[in-house]
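# Tertiary structure, described
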Amino acid sequence: MPPFSQFAGAVDGKLTEFSFAEPYFENVGDAELLDSTITSLVQDPKGWLWVGTQHGLVRYDGYRFRKFVHDDNNPSSLPGDYVTALMSAQDGKLWVGTLSNGLAIFDPKTERFNHMGGGATDTVLRPGAAATSNVGGRIWAIIAEASGGVWVGANEGLDYWSAGNTHGIQHFRHDRAQADSLADDRVRSLLIDHEGSLWVGGASGLQRRKAGSGHFERIASDPDDPASLANQKIMTIFEAADGKLWLGTIASGAAWLDPGTYKLHWVVDQFKLDRTTHGWISKILEPQSGRIWLATFGGGIDVVQSSNGKLIQHIRHDATNASSLALNHIGAMLVDASGLLWAGTWGGGLQKFLPSNQSFYLLKHSAERNQGLSSPDVHSVLELRDGRILVGSDGNGIDIIDRYAGLVGGYRPFPGQPGKLHDGTITSLAQTQDGALWAGTQQAGTFRLELGSKQWQSYPTNSGMPDVINKFLVAKNGALWVGTAGGLSRWMPQQQRFEAAIRVGGASMNAAVYNLAEDAQGRIWAGSDAGLWAWDPDLRGLIGIFHENQRADSLASNLVQGLLVDHSGRLWVATADGMERLSSWDGKRATFEHISAMLGKPGKSFGENLVEDKMGRIWTDSCVIDPKTMHAVELGKADGYDIGSSWTGSFGSTHDGLILSGGTQGVAIIDTEKFSPWNFEPQVQASELTIDGKSFPLGLLDPTLILEPDQRNFSIGFAALDFSAPQKSRYSYFLKGYDAEWTHVNADHLSANYGNLWPGKYTLVVRASNRLGVWSSHELHIPILVLPAYWQTWWFGLLTLMSLMAAIWVGYRWRLQKVQRRSTETKRLLEKLVLDRTAELDEKNKQLEMLSVTDRLTGLYNRLKLDLTLEAEYGRYIRSGKVFSVILMDVDHFKTVNDTYGHQVGDMVLEAIAEILKAGVRDHDVIGRWGGEEFLVVCPDTDLAEALAVAERLRLGVATHHFAVVKNKTSSFGVATIRSKEMISSLVARADTALYCAKQNGRDRVEFER
C-alpha cells in the first residue's frame, strides 16, 4: 500500500474530502481501576458500561470505575480475573466468560457471581442431547436469543441454556459421524440474525443453525474450495442494516455475505489489490449508516462502504497525537445507547468517539503522517479561490492544504532572504481581487505574493505598517484593511504603502485592533482593546464607541475581540464581558442588546471569531448561537472539536459554507449543515448505597429501601449515564415527604444524604441533564420506608397514655383515702407525690425529645433540631428585627478518608470535629450535623462580622487539631446573615454558595455570600 499521505478515501467511486483528517478519540480510564488491556465491552439495559479486562471486570458510570476481581476467600466473587466475553441478559444479569475459569452470571442486585463451572469437559454429546454438567474452558462468545435462551461458544464446543434453564444445558460438539453436527469444537464467534437463526464462526469456517432446526449447515465453507471460509478462523460476525453478514477472520481480513444468496465477497484494499490491510479482524460494527468499521488486531480500524466493501478511511495510532487511536491492537468495540463508539485497545486502555456527528474534521500536526499540518499551532486560515486552504502557523510559515490530498506544499520562513517570508508566525491571511496573497506576521510586518509569482514582497515598518499584524479584511470595493497592534490601516496601491486610519478630528487611534467587519453601508468596523470603532467613508475618519458606566444599554466592555455583520445587517460584537448586538447608532450614541443576558448568562463570554452559517446561526470558537430561539450550544471535545486554545482572528469560511477554526492544537473544518446538538436523554441510576457508613448492594433499593429503627443515616449515590461529557451534567434531587424544595448539585456531588428521618414513607426523586443542560425525562424514583423504634409506635403512645391515666387514677384514690385519714398530712404527701411523678415524666419526656433531635454519631443536634432552631430564630427576627447568622461547614476531602482508611476512621474524624466545634462556639450558639460531613451553626443576635469571627475560630480549631490516624484535616466555611424579607431557605442557600466558593478558592478558608 502507498504511504498514508497518498491515501484518500472514496465513497461510490468518488474521492471524499478531508478523509485524511483526524477523528477525535478521547481517552477514558483510571490507571488503578481500569486495566490498559480491554478484552470485551457491553452496555446493560440500565445504561451501565461493563468493561472486561485481563485483570477483572469493571463497571463504569461516567465518573467512577467499580472493579470486581477474583477472591479466593469469597466463593461468590469473579471466578477468574481474565475476562474474555460479556453479555447483558434481558433479566438484567451479566454473563461473564473467562480465559480459563469458565462462565459466571453476575446478579447486580446481590453483587454476587454464580459460577457455572470451569476447566475442560470430556463430555461429547450429539446435537440436542441434554446434560446438566457445566461449561468449561475458555469462553469466546456469548449471545442471547429473543426468547431468553443463551448460547455460549468455548474451546470445547457450543452450549445452550434455555430461558430460565428449564431444560438444563444442551451441549453441541463435533461428531465425524454426523455431517450436520458442529464443524469444529473451537467456537470463536456467535450471532443471532434478524430471523432468529444462529450463526457460528469457528476454526473451520462458518455454520448456520436455522431457528427451530437442530442441524448445523456450512455456509460458504466448502472444504474443497480454497477460496471459501472452510479453513478460516471466524473471529467475529456482524449483521449490517442492509442484511449483509460481515465476517472477520484471524488471518485473511474481512468478508461479507450477500443476504439470501450468501455469496462470499472479500474486502479488498483498492490500492494493494489485495485483501484488507490487516488480516486479523477482531470486531465489526456499523456506527454510521452505510459505513462498516473493521477493528483489527494490529492495524487499527478500517472504515469501508457497506454497499461494496471499498475502503474509505484508515484510522491508526499516531504517537504524536494524543487524541488519535490509542493503539492499533483493538480488543473490543461497542456502540452505546447514545451513539458513542467505544474502542478498547490491547494495552492502550479505553477510548470513546462520536461517529454520528460528522460536522467536524480535525487537521493536526503529525510527525508520522505527512498529510497533516507541518506545525501544530494555527494562527490564521484562508480558503483560496481554487478551493485550497492556507494555514498560517506559529513559526513554520504557511501550509497549503488540498481537500483530498492534505498537505501538498507551503511557504516557509527564511529570515533576511529576499523574496521569502522573514517571519514564520503568520497572524493573518488574505487574497485580494487581483489574486495577490497577503500574509501578516507577528514580527516582520506584511508580505505580498502576486498571482503567478514565487517571490514575496515585504512591507516593513517604513511602509507605514507596524510589525504586529492581527487581521486583514478585503472590503467589497477591493480595498485591503489591516488591524494592527497600533490601530487600523489601509493599503494604498498607488503609493504602494499603508496609511493609518485616523479619528474624525485628526487624532490617532492608539489601540490594538483584533477583528474587522464591513456593513452594507461600506463602514469598516474595528474591534480593539480600547473600544469599538467605525470607519465612516463619508467623514473619512474613525468614530469610537465605548462602555459607559451610567448607561445599561452601552457596550458591555471596551475589550472587543470579535465582530460579525449578519445577513440582516446586524452587527454582533464579542466582548470580554459578554456577547453584544448593536441595536441603534446615529453616529454619536450607540445602544446594544446584551445577548449574553438574553441567553441566561449575563456577563459571560460566548467566545470570539464570529461566523454566520447558511441557517443564520452564529458560530464562535466555543459555541453556536441560534438567534431565532436565543439558545446557545457549547462546543467541545465531546463533539469531536479539539483545537486547544483558539487564537483571536484564526477563523474563516469557504465558498461552500464550511467554517475554518484554528487553535494551538490544529485547525477544525466544520460542516455546519451536518451539525446537530446533543439531544440524548440519559437514564439516571443509583450507583451506590451506604447506611450508617457501611456499603450495601443496590438490590436493597428494589422495590423499596427499608431502614430499620437503628439505621438512621443513609446515602444514595447516583449518575446520569451520558458518557459524552459527564462532568457537564447537572443534577437535582428531592425527598418527597421531607424536603421543601429541590437540591441542585453538579457532577462533583453525586449523592443524596439524609439522617434521622421520622418513621414513615418517603420517595427520593433524582433528575439529571445531559451535557448541554437539557433535563432528561428519565427520572430515578426510590421509595423509602423508615421503620419506627418501639417508642415511636402508636401502641407505645397509647400504652403510655393509658399508664399515665392509671397512675393518675391510683394517685387520686390514694390521695382521697389519705385525706379521709389525715387531711393536712395527706394533702402534703399527695402534693409531693404529684410533683415527683410530674418531674419524672418531664425528665423522661426530655430524654425522648433529646433522642429525637440528637445525631447518634456526633452527639450534636440533628437536622430536625436545626430546622426548628432556624424557624424559631426566624420568628424572633420577624418580631424584633434582631438579625442572626448561619455558618455552614464541610470537612475537606472527607471522601478520601473513607476511601483510604474506611468508614470507622471517618466516623472518628467526625466525632473529633464535633468536639472541636462544641468547644469553639459561644454559649448561645446552636450547632448540629447538617448531613454527611456538613455541620451548621445558628448564631442568634449575630451580624456578619461576628459570625465570620466565630467561623474563623472554628476553622483554626480544626486545622490545628491532631487527629488520630489521619493526622491533619481542614475544613471550609460558608457564612450568611439574614437579609430583609429573606426566607430561611434562601439564607441557607447563600451560606451553601459561600461554602462552594471556599471550596473553589482552595479550601481551608471562610467565605461569605456577598
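Just so you know, these numbers come straight off a predicted model, no measurement behind them. (Residues numbered from 1 in each chain as written. Predicted model: local features only at pLDDT ≥ 70, side-chain atom pairs only at ≥ 80, totals over all residues. Heavy atoms only, no water.)

Another point: helix H5 (residues 894-901). Among the residues making up H5, those that are buried are Phe894, Val897 and Asn898. Buried residues of H5 fall within an arc of 95 degrees about the axis and therefore sit on the same side. Pointing more than 90 degrees away from the buried face of H5 are the exposed residues Asp899 and Thr900. Its buried side turned inward, H5 meets strand E71 (885-891) and helix H6 (903-920). Remark: glycine 902 follows H5 within two positions and exhibits a positive phi of approximately 100 degrees. (Buried < 20%, exposed > 50% of the residue type's maximum accessible area, 1.4 Å probe, protein only. Helix = DSSP H or I, 4+ residues; strand = E, 2+ residues; numbered from the N terminus. Arc of directions from axis to C-beta. Contact = heavy atoms within 4.5 Å.)

The strands making up a sheet associate through hydrogen bonds between their backbones, and the pairing can be parallel or antiparallel. In space, the four strands of this open sheet follow the order E51-E52-E53-E54, with antiparallel pairing throughout. Strands with a single pairing partner mark the edges of an open sheet, and in this sheet they are strand E51 (560-565) and strand E54 (590-594). In this sheet, neighbouring strand axes are inclined to one another by 30 degrees on average, regardless of whether the strands run parallel or antiparallel. For strand E52 (residues 571-575) and strand E53 (residues 578-585), the ladder comprises four bridges, and the chain directions are antiparallel. For threonine 575, the partnering residue across the bridge sits in E53 and is glycine 578. (Pairing = 2+ DSSP bridges. Axes fitted to C-alpha atoms, helices over the stretch in contact; angles between N-to-C directions.)

A few words on the confidence of the model for the protein chain. For the protein chain, mean pLDDT is 90; residues scoring 70 or higher make up 91% of the total. Within the protein chain, the element-level pLDDT minimum falls on strand E12 (residues 130-131), averaging 38, and the maximum on E52, averaging 98. Overall, residues 1-8 carries pLDDT values under 50, and its contacts beyond four positions in sequence, including any with other chains, amount to 24 contacts. Long-range and interchain partners of residues 119-133, a stretch whose pLDDT sits below 50, account for 34 contacts in this model, where long-range means more than four residues apart. (pLDDT = per-residue confidence, 0-100.)

Another aspect to go through is the side chain of serine 359. Along the chain, serine 359 falls in the loop between strand E33 (350-353) and strand E34 (360-363). Sequence-distant contacts of serine 359, defined by excluding residues within four places in its chain, comprise Ile669, Ile670, Asp671, Lys674 and Phe675.

Further remarks concern the pattern of salt bridges. This structure, assessed with the given rule, holds 43 salt bridges. Across the salt bridge formed by arginine 64 and glutamate 688, the nearest N and O atoms sit 4.0 Å from each other. Of this pair, arginine 64 sits in the loop between strand E6 (56-60) and strand E7 (65-68) while glutamate 688 sits in strand E62 (residues 684-691); the two residues are 624 residues apart in sequence, bridging distant segments of the chain. Judged by relative accessible area, which is 24%, arginine 64 ranks as partly exposed. Arginine 523 is the salt-bridge partner of aspartate 519, the closest N and O atoms lying 2.8 Å from each other. Residue aspartate 519 is classed as buried on the basis of its relative accessible area of 4%. By relative accessible area, which is 21% here, arginine 523 ends up partly exposed. (Salt bridge = Lys/Arg side-chain N within 4 Å of Asp/Glu carboxyl O.)

The subject of this paragraph is the UniProt feature "transmembrane region" (unreviewed entry) in the protein chain. In the numbering used here, UniProt assigns the feature "transmembrane region" (unreviewed entry) to residues 794-812. For the annotated span residues 794-812, helix accounts for 100% and strand for 0% of the residues, and the straight-line distance between the end C-alpha atoms is 27 Å. (UniProt positions renumbered as here; feature names shortened; annotations may be inferred.)

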